[in-house]
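The residues making up each chain are set out below.
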Amino acid sequence: MTVAPHPASFRDPSGFIFEKDRTFYRAVASSYEADYDRLMNSGLYEALTSKGWLIPHEEASASGLELPAGYNLVLKPERIPFISHPYEWSFSQLKEAALLTLDIQAAAMEHGLTLKDASSFNVTWHKGRPVFIDTLSFTVFKEGRPWEAYGQFCSHFLAPLALMSRRDLRLQKLMREYLGGIPLDLASMLLPRRSWLSLGCLLHIHLHARSQKKYSASKNKIKASLSKKAFGNLITGLRLMVEGFKFPQAVTEWGDYYNDTNYTSAQFQEKREVISSWIDEMKPNAVCDLGANDGTFSRLAENTASLVVAADIDPVAVELNYRRCRLDNDHVMIPLLQDLTQPSPSLGWELKERADFFSRLDVELGLALALVHHLAIGNNTPLPKVCSMLAKAAPAWIVEFPDKEDSQVQRLLLNREDIFSDYTIEVFEQSLNKYFSIVKKHQIGGSRRILYLAVRR
Amino acid sequence: MARIFLLSFFCFIVFTTPAHAYLDPGTGSMILQALAAGVVAVAIFWRNLLGKAKQLFGGTGTTKEQNEERGGPGDS
């Protein structure tokens, strides 16, 4: 049986990704081997991997693998335990991924190579940093040829960053809808008029969009040329533009979360201690924290786990979490934007190119703190359904249940009719018991909140 | 000089009738790159000039070397 390419790996004739025995490999086409050798022998591979910019790989033996005709070389890249997508990152993560791409292009040019494509999917988050994963994206640099990846860089990186920074953070969702990059004419139309005064937006988005439209039906192959110096200027200009994108001062309901909760400092400390001790007992290697906010409790798992996926609905919270990760030089946490009522879906060709959030998640323990009431009351989700979701997502949970008298729950019900007669501790414990054994239970002193350690049967 | 060029290109591009955007957008990107590279060259020239002028007159402009020291992604 010839190895089957991964469903997302079909666009590049240079090679394809396949999976065998739960390991990912990259098969390299013979036609591409010359470029691969250049990457390895020019010093570029060494330069990029030593900085942690490119995912390192080993050359694997092709024996025992039935490769299709025209493939003789197999690479085994370093394993990435959790792939995250650009539409799931915080603003600063996306910005750094853009800068990484440009820096890699600049480094490539110094070694006589260039990037064929600048898709944001070439980058993922790994050990706390953005890392370029498309090893076969390099080709020989031919002076005079324009950068064929330029259009893609603009629609994959510049358009979303400009829209998020100058219009609204929520426009990041467009990245999910436009996997091929946000169309520049759409970005141009959505950006505020003031953006025409920014040289970067003017050139790379507004004029670029119009240039694309104007020449879209052109029947003649034009001969455009770009000297190496001009190319370098282009990269410099793009870098300045990306660096100039600032996080907008958006105020959301979660930004000041931890100043606005109903815990006394003693209760907060108690919660931390209980959760820490339960995590230490479970000794998980990988943890997810759903509704992680700025990662305050997610960090408790870093003593034991080598991977912590901290997912939250609020882009400001995820951004704060990421900034804290950078300050701490955190190699364990991946801050992620995720709306649990509508998590990242399967996308792309035959809905197999970009896997949905839950199928990528492979953890031993989950944290669901101060979350259940938002799902149950904020989203009208019955408690049994909440527990069913948790059971599918991870084999064990530390979950917090605030009962209806809790002041934060009362806040959610303030101007609503209380239709939640089934929102009770009894119903919650029954729902948990359907899928899990409740191994531990702890009521936080003086509060209406109970912590549970639940292990899936 | 580059500004005049930019302005005329600007008018040329902005006031065109839209064609079919779903067809080949590759050409437009190629053309714009060349323009963008040219404009950036001028912008960098002016920036450096202003930076040197500031230094001369007692300011503390950041030089290219200082920018490079700040490092990029991947630096711990």
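## A short note on the overall build of chain A
For chain A, the count of helices and strands is 15 helices and 15 strands. Relative to its length of 457 residues, chain A is compact, with a C-alpha radius of gyration of 24 Å against a globular reference of 23 Å. Viewed in the frame of its principal axes, chain A has a C-alpha envelope of about 75 × 60 × 40 Å. Residues counted as buried form 56% of the 457 residues belonging to chain A. Residue pairs at least 24 apart in sequence account for 71% of intrachain contacts in chain A once pairs closer than 6 positions are excluded.

## A closer look at the overall build of chain B
Scanning chain B from N- to C-terminus turns up 3 helices and 0 strands. The helix and strand sequence of chain B, counted from the amino end, reads α-α-α. Roughly 5400 Å² of accessible area belongs to chain B as shown, and the carbon and sulfur atoms make up 66% of that amount.

## Here's the deal with the sheet that holds strand β1 (residues 15-20) of chain A
All names here are of chain A. Read from one edge to the other, the open sheet built from 4 strands follows the order β1-β2-β4-β3, with strand pairing classed as antiparallel. Looking at which strands have only one partner, the edges of the open sheet turn out to be β1 and β3 (57-60). For this sheet, the mean angle separating the axes of adjacent strands, direction not counted, is 35°. Inspection of the sheet shows β3 paired to strand β4 (residues 71-77) by 4 bridges, in the antiparallel sense. Following the sheet pairing, Glu58 is matched in β4 by Lys76. Sheet strands touched by helix α1 (residues 33-41): β2 (23-29), β3 and β4. Its angle to β4, the strand with the most contacts, is close to 40°.

## Comments concerning a nonpolar patch on the surface
On the surface, Phe45, Trp46 and Leu49 of chain B cluster together to form a nonpolar patch covering roughly 320 Å² of accessible area. Positionally, Phe45 of chain B belongs in helix α2 (residues 26-56).

## Details of the pattern of salt bridges
Residues and elements named next belong to chain A. Using the criterion set out here, one finds 24 salt bridges over all chains in the structure. Residue Glu281 is joined to Lys440 by a salt bridge in which the shortest nitrogen-to-oxygen separation is 3.2 Å. Here Glu281 is found in helix α9 (residues 265-282), whereas its partner Lys440 is found in strand β14 (residues 436-443), with 159 residues between them in sequence. Close ionic contact of Glu400 with Arg449 constitutes a salt bridge, the shortest N to O distance being 3.3 Å. Linking Glu400 in strand β13 (residues 396-402) with Arg449 in strand β15 (residues 449-456), this pair joins segments that are 49 residues apart in sequence. Both residues of the pair, Glu400 and Arg449, count as buried.

## Examining the packing of aromatic side chains
Given two aromatic rings, their pairing is described by the distance between the two centres and the angle made by the two planes. All names here are of chain A. Counted by the stated rule, this structure contains 19 aromatic pairs over all chains. Here Phe82 and Phe357 contribute two aromatic rings whose centre-to-centre distance is 6.4 Å and whose plane-to-plane angle is 85°, an arrangement assigned as edge-to-face. Here the residue Phe82 occupies a position in the loop between β4 and α3 (91-110), and Phe357 occupies one in helix α11 (residues 357-360), the gap between them amounting to 275 residues. Both residues of the pair, Phe82 and Phe357, belong to the buried class. Over the aromatic face of Trp53 sits the side chain of Lys51, whose NZ or CZ is 4.7 Å from the ring centroid.

## With respect to the state of the cysteines
What makes a disulfide is a covalent bond joining the sulfur atoms belonging to two cysteines. Tallied over the full model, the rule gives 0 disulfides over all chains. Left without a disulfide partner, Cys325 of chain A is nearest to the cysteine sulfur of Cys288 of chain A, which lies 15 Å away.

## Description of helix α4 (residues 150-166) of chain A
The sharpest bend along α4 of chain A measures roughly 35° and falls at Leu158 of chain A, with the proline Pro160 of chain A sitting one to four residues further on. Among the 17 residues of α4 of chain A, 15 are classified as buried, and the element is accordingly described as predominantly covered.

## Here's the deal with the sheet that holds β15 of chain A
All names here are of chain A. As summarised here, the arrangement of the 7 strands in space is β11-β10-β9-β12-β13-β15-β14, forming an open sheet in which the pairing is mixed. The two strands at the open ends of the sheet, each matched to only one other strand, are β11 (333-337) and β14. Sheet twist, expressed as the mean angle between neighbouring strand axes with direction ignored, is 20°. With 5 bridges joining them, strand β10 (residues 307-312) and β11 adopt parallel strand pairing. Looking at β11, one finds that Asp312 is bridged to Leu337. Lying on the sheet, α9 is in contact with β12 (365-368), β13, β14 and β15; it crosses β15 at an angle near 10°. Its contacts with the sheet place helix α10 (residues 315-328) against β10 and β11, and it is angled at close to 165° to β11.

## A word on the pairing of β15 of chain A
All names here are of chain A. Taking burial as the measure, the 8 residues of β15 include 6 buried ones, the bulk of the element. Pairing of β14 with β15 involves 7 bridges; the strand directions are antiparallel. Each residue of the ladder has a partner; that of Phe436, found in β15, is Arg456. Between the antiparallel neighbours β14 and β15 lie 5 residues, among them Gly446 with a positive phi of about 75°.

## Description of the confidence of the model for chain B
Residues and elements named next belong to chain B. The predicted model of chain B has a mean per-residue pLDDT of 68, with 45% of residues at 70 or higher. Predicted confidence in chain B is weakest over helix α3 (residues 64-69), with a mean pLDDT of 45, and strongest over α2, with 87. The model gives residues 65-76 a pLDDT under 50, and that stretch makes 20 contacts with residues more than four places away or in other chains. Complex prediction metrics read pTM 0.90 and ipTM 0.78.

## Looking at the environment of Gly244 of chain A
Residue and element names in this part refer to chain A. The residue Gly244 is located in the loop between α8 (228-243) and α9 in this model. The exposure class assigned to Gly244 is partly exposed, which follows from its relative accessible area of 43%. Put simply, Gly244 and Lys173 are 71 residues apart on the chain and 22 Å apart in space, counted from C-alpha to C-alpha.

## A word on the packing of α4 of chain A against α8 of chain A
Residues and elements named next belong to chain A. Remark: α4 packs on α8, axes separated minimally by 11 Å, with the N-to-C direction vectors making an angle of 15°. Looking at the two axes, α4 sits roughly parallel to α8. When you trace α4 past α8, the crossing you get is left-handed. On α8, the residues that touch Tyr150, Phe153, Leu158 and Leu161 of α4 are Leu234, Leu238, Met241 and Val242. Tallied by class, the residues present in the contact of α4 with α8 amount to 8 nonpolar, no polar and no charged.

About the cut-offs
- Residues numbered from 1 in each chain as written.
- Chains lettered and ligands numbered in written order.
- Predicted model: local features only at pLDDT ≥ 70, side-chain atom pairs only at ≥ 80, totals over all residues.
- Heavy atoms only, no water.
- Helix = DSSP H or I, 4+ residues; strand = E, 2+ residues; numbered from the N terminus.
- Rg over C-alpha atoms; globule rule 2.2 N^0.38 Å.
- Buried < 20%, exposed > 50% of the residue type's maximum accessible area, 1.4 Å probe, protein only.
- Contact = heavy atoms within 4.5 Å.
- Areas by Shrake-Rupley, 256 points an atom, 1.4 Å probe, with all protein chains shown as cover.
- Pairing = 2+ DSSP bridges.
- Axes fitted to C-alpha atoms, helices over the stretch in contact; angles between N-to-C directions.
- Patch = residues over 30% accessible without salt bridge, like charges linked within 9 Å, V, L, I, M, F, W, Y side chains within 5 Å.
- Salt bridge = Lys/Arg side-chain N within 4 Å of Asp/Glu carboxyl O.
- Phe/Tyr/Trp six-rings, centres within 6.5 Å; stacked < 30°, edge-to-face > 60°.
- Lys NZ or Arg CZ within 6 Å of the ring centre and 35° of its normal.
- Disulfide = S-S within 2.5 Å.
- Bend = angle between axes of the 7 residues up to and from the residue.
- pLDDT = per-residue confidence, 0-100.
- Parallel < 35°, antiparallel > 145°, perpendicular 65-115°, else oblique.
- Left-handed = near helix turned anticlockwise from the far one by under 90°.
- Nonpolar A, V, L, I, M, F, W, Y, C, P; charged D, E, K, R; others polar.

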